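A structural walkthrough
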Amino acid sequence: ELKVEQNPLFLSMQEGKNYTIYCNYSTTSDRLYWYRQDPGKSLESLFVLLSNGAVKQEGRLMASLDTKARLSTLHITAAVHDLSATYFCAGEETSGSRLTFGEGTQLTVNP
Amino acid sequence: DSGVTQTPKHLITATGQRVTLRCSPRSGDLSVYWYQQSLDQGLQFLIQYYNGEERAKGNILERFSAQQFPDLHSELNLSSLELGDSALYFCASSVGAGNVRGYTFGSGTRLTVV
């Protein structure tokens, strides 16, 4: 059974700083997903990482996947307040099977 | 609009009651997934349907049941409700096996049991 762990669970950072959220998973995962959730809102898809070494970037966020280490990272560059949200990583054991989510990282960016 | 429609958005009901949550998947998606999000349990997978058939079960209580209809919309039935059932319930859809479009989530139904 796939297990997904994120750290840190809470992250408070200043605007303009860089930081990385880590996502470890326990068994082989077909794909790794990153989602953003604002309080009380739905899950917004950020990245889908399909293979070892995959790197994707959108604005101030960059995600990468190392399948050998069973590790994905979400790097935040020069944080801004609008990035404050909860970020989830999720894996799927086989394509289309379902997503298993990490606990989420609650990010607060302070001015 | 993600393309996945959930109704109602909010539901307040009393303990012991029964409610039905509805989900219409994104056009072309055959799989529907139900998730429960609560403060203490995080995002928990409940159940998956693919083209009308149950495909996988997660941490779904016996008081809960679901089905997917021929038009591919799905309903999640929650009965004998308890205070602890208060949560956000999300539906997601995907193409299914060979999924290249990923999973798309609806806006959720917030259930409050009083």
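A brief look at the structure comes next.

Quick notes on the rules
- Residues numbered from 1 in each chain as written.
- Chains lettered and ligands numbered in written order.
- Predicted model: local features only at pLDDT ≥ 70, side-chain atom pairs only at ≥ 80, totals over all residues.
- Heavy atoms only, no water.
- Phe/Tyr/Trp six-rings, centres within 6.5 Å; stacked < 30°, edge-to-face > 60°.
- Helix = DSSP H or I, 4+ residues; strand = E, 2+ residues; numbered from the N terminus.
- Buried < 20%, exposed > 50% of the residue type's maximum accessible area, 1.4 Å probe, protein only.
- Contact = heavy atoms within 4.5 Å.
- Buried area = accessible area lost by both parts, 1.4 Å probe.
- Salt bridge = Lys/Arg side-chain N within 4 Å of Asp/Glu carboxyl O.
- Polar contact = N/O pair within 3.5 Å; in protein donor to acceptor, adjacent residues only side chain to side chain.
- Disulfide = S-S within 2.5 Å.
- Core = buried A, V, L, I, M, F, W, Y, C linked by side-chain atoms within 4.5 Å.
- Pairing = 2+ DSSP bridges.

With that settled, consider the packing of aromatic side chains. Scanning the model with the defined rule gives eleven aromatic pairs over all chains in all. Between Phe101(A) and Tyr35(B), the aromatic rings sit 5.6 Å apart at their centres with planes inclined by 90°, giving edge-to-face as the arrangement. Within this pair, whereas Phe101(A) is found in strand E10 (residues 100-101), its partner Tyr35(B) is found in strand E4 (residues 31-38), the two belonging to separate chains. This pair shows no difference in class: Phe101(A) is buried, exactly as Tyr35(B) is. A ring pair is formed by Tyr35(B) and Phe105(B), whose centres lie 5.7 Å apart and whose planes are at 45°; its orientation type is tilted. You can see Tyr35(B) sitting in strand E4 and its partner Phe105(B) sitting in strand E10 (residues 104-105), a full 70 residues away along the chain. For Tyr35(B), a relative accessible area of 1% translates into the label buried. Residue class for Phe105(B) comes out buried when judged on its relative accessible area of 2%. Grouping aromatic residues by their ring pairs yields a cluster made of Tyr33(A), Tyr35(A), Phe88(A), Phe101(A), Tyr33(B), Tyr35(B), Phe45(B), Phe90(B), Tyr103(B) and Phe105(B).

Next up on the list: the interface of chain A and chain B. Each partner contributes to the interface: chain A provides 16 residues, whereas chain B provides 21 residues. Between chain A and chain B, the buried area comes to about 1400 Å², and carbon and sulfur atoms account for 54% of it. At the surface where chain A touches chain B, the tally comes to zero salt bridges. Seen at the junction of chain A and chain B, the total is six residue pairs in polar contact (both at pLDDT 80 or more).

A word on the state of the cysteines. Residue and element names in this part refer to chain B. Under the defined criterion, the tally for this structure stands at two disulfides over all chains. Here Cys 23 connects covalently by a disulfide to Cys 91, the sulfurs 1.8 Å from one another. As the torsion about the S-S bond is roughly -50°, the Cys 23-Cys 91 disulfide counts as left-handed. With Cys 23 in strand E3 (residues 19-24) and Cys 91 in strand E9 (residues 87-94), the pair connects residues that are 68 residues apart, well separated along the chain.

The next point concerns the nonpolar core. Core analysis: the largest hydrophobic core is formed by 24 residues, its most contacted members being Leu32(A), Trp34(A), Leu74(A), Ile76(A), Tyr87(A) and Leu107(A). For this core, the secondary structure elements donating two or more residues are strand E2 (10-14), strand E3 (19-25), strand E4 (31-37), strand E5 (43-49), strand E7 (61-66), strand E8 (71-76), strand E9 (85-92) and strand E11 (105-110) of chain A. Once residues within four sequence positions are removed from consideration, Leu74(A) is found in contact with Tyr19(A), Thr20(A), Ile21(A), Trp34(A), Phe47(A), Leu61(A), Met62(A), Ala63(A) and Tyr87(A). Core analysis: the second largest hydrophobic core is formed by 20 residues, Cys23(B), Trp34(B), Leu46(B) and Leu78(B) among them.

The next point concerns the pairing of strand E6 (residues 55-58) of chain A. Residue and element names in this part refer to chain A. Pairing between E6 and E7: four bridges, direction antiparallel. Residue pairing in the sheet places Glu 58 in a bridge with Leu 61 of E7. Adjacent in sequence and paired antiparallel, E6 and E7 are bridged by two residues, among which Gly 59 carries a positive phi angle near 65°.

All right, on to the pattern of salt bridges then. It is possible for side chains of opposite charge to pair when their charged atoms get near one another. What the rule picks out here adds up to six salt bridges over all chains. In this structure, Arg31(A) engages Glu92(A) in a salt bridge whose closest nitrogen and oxygen atoms are separated by 2.9 Å. Here Arg31(A) is found in strand E4, whereas its partner Glu92(A) is found in strand E9, with 61 residues between them in sequence. In terms of burial, Arg31(A) and Glu92(A) fall into one category: buried. The salt bridge partner of Glu82(B) is Arg63(B), with a shortest N-O separation of 3.7 Å. Note that Glu82(B) is positioned in the loop between strand E8 (74-78) and E9 and Arg63(B) in the loop between strand E6 (53-57) and strand E7 (64-68), a separation of 19 residues in sequence. Exposure remark for Glu82(B): the relative accessible area of 42% places this residue in the partly exposed category. Counted as one network, the salt bridges with shared partners bring together Arg63(B), Glu82(B) and Asp85(B).

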